[in-house]
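The lines below spell out each chain.
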Amino acid sequence: GSPISLSESIVGDSTLTVDRNKGIIYGVKVCGLHSPNTYGFKGCSGTEYTLEALEKAKHLYEGIQVNADHPPRSRPDQERCIDDLIGWLSNVTVKDDGIYADLNLLLEDRRTAKIFEAAERNPKMFGLSHNAMGRGEMRGDKWTILEIPEVKSVDVVSDAATVNSLYESKRQPVKIR
């Protein structure tokens with residue numbers, strides 16, 4: 001299938017566990033199965049990921065750099081500066097609804113305390129979003145990702161497209177015909 005640049009915003013449904021001393025938020029959702037992103041494809045109502053694609057790409061997320069915010073959409077390959085880097089992912093797993101991992105944050109970064117506070121008090125303030133390349137095909141009215149050959153980074157964002165918090169996937173509307 002055709003390669004496209006992905007900028008999904010997806011994070012998890014796990015029990016809230018934040019360890020400020022170790023700098024870890026456990027069990028965040030990195031990539032779910034559904035996204036409203038259409039990538040400009042005519043007649044497309046959103047994107048779906050196959051579990052097989054996520055399972056094959058799991059190793060690409062292990063240890064991946066986590067940045068604050070995405071690069072501009074027009075420049076997804078833009079080199080990131082050292083100030084963008086805020087952490088990495090570890091203990092990556094695939095469950096029946098997506099990819100989960102532990103978010104390791106740099107303790108000395110100025111944004112870490114803010115992200116911890118949000119995770120503890122209002123997880124809806126932030127979400128994770130991958131900056132990746134995907135290959136797929138149209139299946140009905142959905143762009144279906146069959147392969148994720150490259151993950152550039154996973155980024156903490158304030159306006160996550162497919163999740164409503166660091167822990168919980170947004171529910172996708174279902175069309176009934």
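Residues numbered from 1 in each chain as written. Predicted model: local features only at pLDDT ≥ 70, side-chain atom pairs only at ≥ 80, totals over all residues. Heavy atoms only, no water.

## Considerations on helix α2 (residues 112–121)
What counts, and what does not: Only protein chains enter the accessibility calculation, which uses a 1.4 Å probe; a residue is then buried when its area is under 20% of its type maximum, exposed when over 50%, and partly exposed in between. The helix and strand labels rest on DSSP assignments: H or I over at least four residues marks a helix, E over at least two residues marks a strand, and numbering proceeds from the N terminus. Arc definition: it is the arc formed by the directions from the helix axis to the C-beta atoms. Contact criterion: two residues are considered in contact whenever any of their non-hydrogen atoms come within 4.5 Å of each other.
Of all the residues in α2, the buried ones are Thr112, Ile115, Phe116, Ala118 and Ala119. Around the axis of α2, the buried residues are gathered within 165° of arc, so they sit on the same side. More than 90 degrees from the buried face of α2, the exposed residues found are Lys114 and Arg121. Where α2 is buried, its residues meet β2 (18–19), β3 (24–32), β7 (85–95), β8 (98–105) and β10 (142–157).

## Some words on the confidence of the model for the protein chain
Test applied: Confidence scores labelled pLDDT are given residue by residue by the predictor and lie between 0 and 100.
With 78% of its residues at a pLDDT of at least 70, the protein chain reaches an overall mean of 81. The model gives residues 4–14 a pLDDT under 50, and that stretch makes 79 contacts with residues more than four places away or in other chains. Taken together, the stretch residues 168–177 has pLDDT below 50 and engages in 23 contacts with residues farther than four places along the chain or on a different chain.

## Observations concerning unusual backbone geometry
One non-glycine residue, Tyr39, lies in the positive phi region at around 55°. Tracing the backbone through its elements, the reader meets Tyr39 in the loop between β4 (34–35) and β5 (46–49). Unlike most non-glycine residues, Asn91 shows phi in positive territory, near 55°. By the element assignment, Asn91 lies in strand β7.

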